[in-house]
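One letter stands for each residue in the lines below.
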Amino acid sequence: MNTTVTPINLIVNQIVTGKVSRRKDRNAKGLLIEIAGNPMAYLPIIALVGRNRAERDARFASLVNATGSTIEVAVVSVAMETVNGVAIPRIKLSESKVYALREEAARNARQSTLIDAVAAITIGAVVNVTINSPATTSSDKDGSQHCFGAFVDIAGIKGLMHVSEMVGDHPKAQRNRLEGLIVGSSVEVEVLEARVEDGRAFVRVSEKSLALKKALNRLPVGSKVSATVIASDVVGNEHGLILNLGGIKGFLPEADANVNNIESLTKTRGQTVKVTITAGIVEGMVKVTRKGN
């Protein structure tokens, strides 16, 4: 809120309303502004509103011809100087700083609102998000666009669902899922991350993580299921098989394969094996065993 105050109460960065008094003198590059009856506050041309010198000079000329008109200014400095035993206020003003201060205040308000909004998002919560747009990046080589996920709306905040966090038992299936998403559609996801850094919200959500948890609810520890072999791989520090457990990935460590040679389980493409669900999860996959089957 703008206020008109006496010079002794002025503080730096305060926005006040003054009246144009006159140009400082014939050679000085500025104006004298009256604040609360004191006509000696100094407003330099360089501190007027304008994108360049020509615009500031034009603004100066218009103000010189508008004596008595009101003007909003920000206090740059204020001090008392004694001249011949008389205390005189020395006040320096800026018109352009008014806009900078208001922009900063608006930015801080937006930041505060953003922090509050992100703080209301609970990590681990299951929520419905709206697909806003594809998330793309440009190639450094040829400038082509690569889609790496989808931007989503979560409680008015922009979030990201990376392609690796979409449902699918292999990267191609996840890519197909990404390409099949419709802008404006709703997707149920789990919140993985929600924070504010350098004035930006970072919110990550996962469809895959939620699907895994739902699958574990259907497949309690000890459940015996049929799984399809996808490939052999090293996960963490263990060699084993990546499996399809009815739409989610499972991992069968070699030590739990219950065979002398784990590759014998990969001889036929899409070979089916009987496994038992264990309590472990590794890199987003359900750990299984063939021991006891």
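First, a word on scope: everything that follows refers to the structure included in this document. (Residues numbered from 1 in each chain as written. Predicted model: local features only at pLDDT ≥ 70, side-chain atom pairs only at ≥ 80, totals over all residues. Heavy atoms only, no water.)

What follows is about the nonpolar core. In terms of nonpolar packing, the biggest core is built from 20 residues, with Ile154, Met161, Leu181 and Val205 touching the most fellow members. Among the elements of the structure, helix 2 (96-119), strand 6 (126-138), strand 7 (145-154), strand 8 (157-162), strand 9 (186-197) and strand 10 (200-206) are those that each provide at least two residues to this core. Here this core takes 4 residues from strand 9, the largest share from any one element. Formed by 19 residues, the second largest nonpolar core is a distinct cluster that contains Val229, Leu243, Leu265 and Val288. (Core = buried A, V, L, I, M, F, W, Y, C linked by side-chain atoms within 4.5 Å. Buried < 20%, exposed > 50% of the residue type's maximum accessible area, 1.4 Å probe, protein only. Helix = DSSP H or I, 4+ residues; strand = E, 2+ residues; numbered from the N terminus.)

Right, let's talk about the sheet that holds strand 12 (residues 238-244) for a bit. Read around the barrel, 5 strands follow the order 11-12-13-15-14 and close on themselves; strand pairing throughout is mixed. In this sheet, neighbouring strand axes are inclined to one another by 50° on average, regardless of whether the strands run parallel or antiparallel. Bridging between strand 13 (residues 249-253) and strand 15 (residues 285-289) involves 2 bridges; their strand directions are parallel. When the sheet's bridge partners are listed, Gly250 is paired in strand 15 with Val286. (Pairing = 2+ DSSP bridges. Axes fitted to C-alpha atoms, helices over the stretch in contact; angles between N-to-C directions.)

Turning to its location among the elements, Arg290 is positioned in the segment after strand 15. Here Arg290 occupies a buried position and makes no salt bridge, while the nearest side chain of opposite charge, Asp256, is found at 10 Å. Of note is the side chain of Arg290, whose polar atom sits 2.7 Å from the backbone oxygen of Ala257. Filtering out sequence-adjacent residues up to four positions away, Arg290 remains in contact with Leu252, Asp256, Ala257, Asn258, Val259, Leu265, Val273, Lys274 and Val275. (Lys, Arg positive; Asp, Glu negative; His and termini not counted. Salt bridge = Lys/Arg side-chain N within 4 Å of Asp/Glu carboxyl O. Polar contact = N/O pair within 3.5 Å; in protein donor to acceptor, adjacent residues only side chain to side chain. Contact = heavy atoms within 4.5 Å.)

All right, on to helix 4 (residues 207-218) then. Side chains that are three or four residues apart share a direction in an α-helix, a result of its 3.6 residues per turn. The terminal C-alpha atoms of helix 4 lie 17 Å apart, and with 12 residues this matches the ideal 16 Å at 1.5 Å per residue to within 8%. Considered for burial, the residues of helix 4 that qualify are Glu207, Ser209, Leu210, Leu212 and Ala215. Here helix 4 starts with a cap whose side-chain oxygen sits 3.3 Å from the backbone nitrogen of Lys208, and that cap is Ser206. (Expected span 1.5 Å × (residues − 1).)

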